[in-house]
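One letter stands for each residue in the lines below.
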Amino acid sequence: MKIRPFKPNDRKAIIRLTKGAFPQSYLYKVCTKKQADDIFIHWAKELLKDPKSKTFVAYQSEVVGFISISPFKKYWRVALLIVDERYRGQGIGTALVRETQKHTRALFVKTQKDSVGAKTYEKAGFELIIYNAIYKWGKL
Ligand SMILES: CC(C)(COP(=O)(O)OP(=O)(O)OC[C@H]1O[C@@H](n2cnc3c(N)ncnc32)[C@H](O)[C@@H]1OP(=O)(O)O)[C@@H](O)C(=O)NCCC(=O)NCCS
């Protein structure tokens, strides 16, 4: 597996990977599956268009994962990190985070505390900075 900066030809693969990558998101409770998929895909497309954001892809014979980061104040923030379901658990997510750290001075992410994402960032050396227990209120 190798990691390199995003090329325009990777766009299709990134959209494929983004579709359905966050089934745990509340969006799938408040929207149809198609609407929720479209929101995440729109987000990925916006990141790819944004000249300030950076995306790196992991590839073998095909693109198997990617990470997109965006500048946020004095820092960089991980906006999206997705590994193809068929290739998870092989260290690709951790390798993508580590590669990104080489290109940034200060990198952070906001994620749920007990998620696979959080475990991946911890494995790549991230430490918990702030933990706010936020109660979301609403009527679904
Ligand atoms: C999060 C994600 C990118 C991790 O990718 P990955 O290539 O599987 O990550 P790694 O193989 O480097 O695993 C990192 C750690 O995550 C945890 N992990 C990985 N797969 C797991 C699984 N199926 N169940 C539980 N924990 C798991 C483990 O702690 C693992 O470390 P370990 O191998 O030392 O035990 C991938 O699961 C994914 O794309 N998820 C959907 C999108 C998402 O949630 N992105 C993060 C948003 S913040």
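All of these numbers come straight from a predicted model, not from anything done at the bench. (Residues numbered from 1 in each chain as written. Predicted model: local features only at pLDDT ≥ 70, side-chain atom pairs only at ≥ 80, totals over all residues.)

(A) Inspection of the overall build of the protein chain at higher detail. Counting secondary structure elements, the protein chain contains five helices and five strands. Here the C-alpha radius of gyration of the protein chain, 15 Å, is about what a compact globule of 140 residues would show, namely 14 Å. Principal-axis analysis of the C-alpha atoms gives the protein chain an extent of 45 × 35 × 30 Å. With 140 residues in all, the protein chain has 25% of them scored as buried. (Helix = DSSP H or I, 4+ residues; strand = E, 2+ residues; numbered from the N terminus. Rg over C-alpha atoms; globule rule 2.2 N^0.38 Å. Buried ≥ 20, exposed ≤ 12 C-beta atoms within 10 Å, placed from the backbone.)

(B) Summary view of the environment of Lys7. Position of Lys7 among the secondary structure elements: in the loop between strand 1 (2–5) and helix 1 (11–18). A tally of 10 C-beta atoms within 10 Å means that Lys7 is categorised as exposed. It is 17 Å that separates the C-alpha atoms of Lys7 and Leu81, two residues lying 74 residues apart in sequence.

(C) Summary view of the site of the ligand. In the neighbourhood of the ligand, 19 residues make up the surrounding shell, with Arg88, Gly93, Thr94, Gly117 and Lys119 lying closest. Of all the secondary-structure elements, those providing two or more residues to the shell around the ligand are strand 4 (75–83), helix 4 (92–102) and helix 5 (116–123). Ranked by residue count, the leading element in the shell around the ligand is helix 5, at five residues. Across the shell around the ligand, the residue classes break down as eight nonpolar, eight polar and three charged. (Near = placed C-beta within 6 Å. Nonpolar A, V, L, I, M, F, W, Y, C, P; charged D, E, K, R; others polar.)

(D) Structural detail: the pairing of strand 2 (residues 54–59). Pairing of strand 1 with strand 2 involves four bridges; the strand directions are antiparallel. By the bridge assignment, Lys2 is partnered in strand 2 with Tyr59. The sheet contact formed by strand 2 and strand 3 (residues 63–72) spans six bridges and is antiparallel. Residue pairing across strands places Lys54 opposite Ile69, the latter belonging to strand 3. What sits between strand 2 and strand 3 in their antiparallel hairpin is a turn of three residues. (Pairing = 2+ DSSP bridges.)

(E) Structural context of helix 4. What helix 4 keeps buried is the set Ile92, Gly93, Ala95, Leu96, Val97 and Thr100. In this structure, the buried side of helix 4 is in contact with strand 1, strand 2, strand 3, strand 4, strand 5 (107–108) and helix 5. (Contact = placed C-beta atoms within 7 Å.)

(F) Representation of unusual backbone geometry. In this structure, Lys73 takes a positive phi of about 50° despite not being glycine. Locating Lys73 in the fold gives a position in the loop between strand 3 and strand 4. Lys73 sits in the exposed class, given 7 other C-beta atoms within 10 Å.

(G) Geometry of the packing of helix 4 against helix 5. Contact geometry of helix 4 with helix 5 gives a least axis separation of 9 Å together with a crossing angle of 55°. The orientation of helix 4 relative to helix 5 falls into the category oblique. Here helix 4 runs over helix 5; the crossing is right-handed. Within the contact between the two elements, helix 4 uses Gly93, Thr94 and Val97 and helix 5 uses Thr120, Tyr121 and Lys123. Broken down by class, the residue content of the contact of helix 4 with helix 5 amounts to two nonpolar, three polar and one charged. (Axes fitted to C-alpha atoms, helices over the stretch in contact; angles between N-to-C directions. Parallel < 35°, antiparallel > 145°, perpendicular 65-115°, else oblique. Left-handed = near helix turned anticlockwise from the far one by under 90°.)

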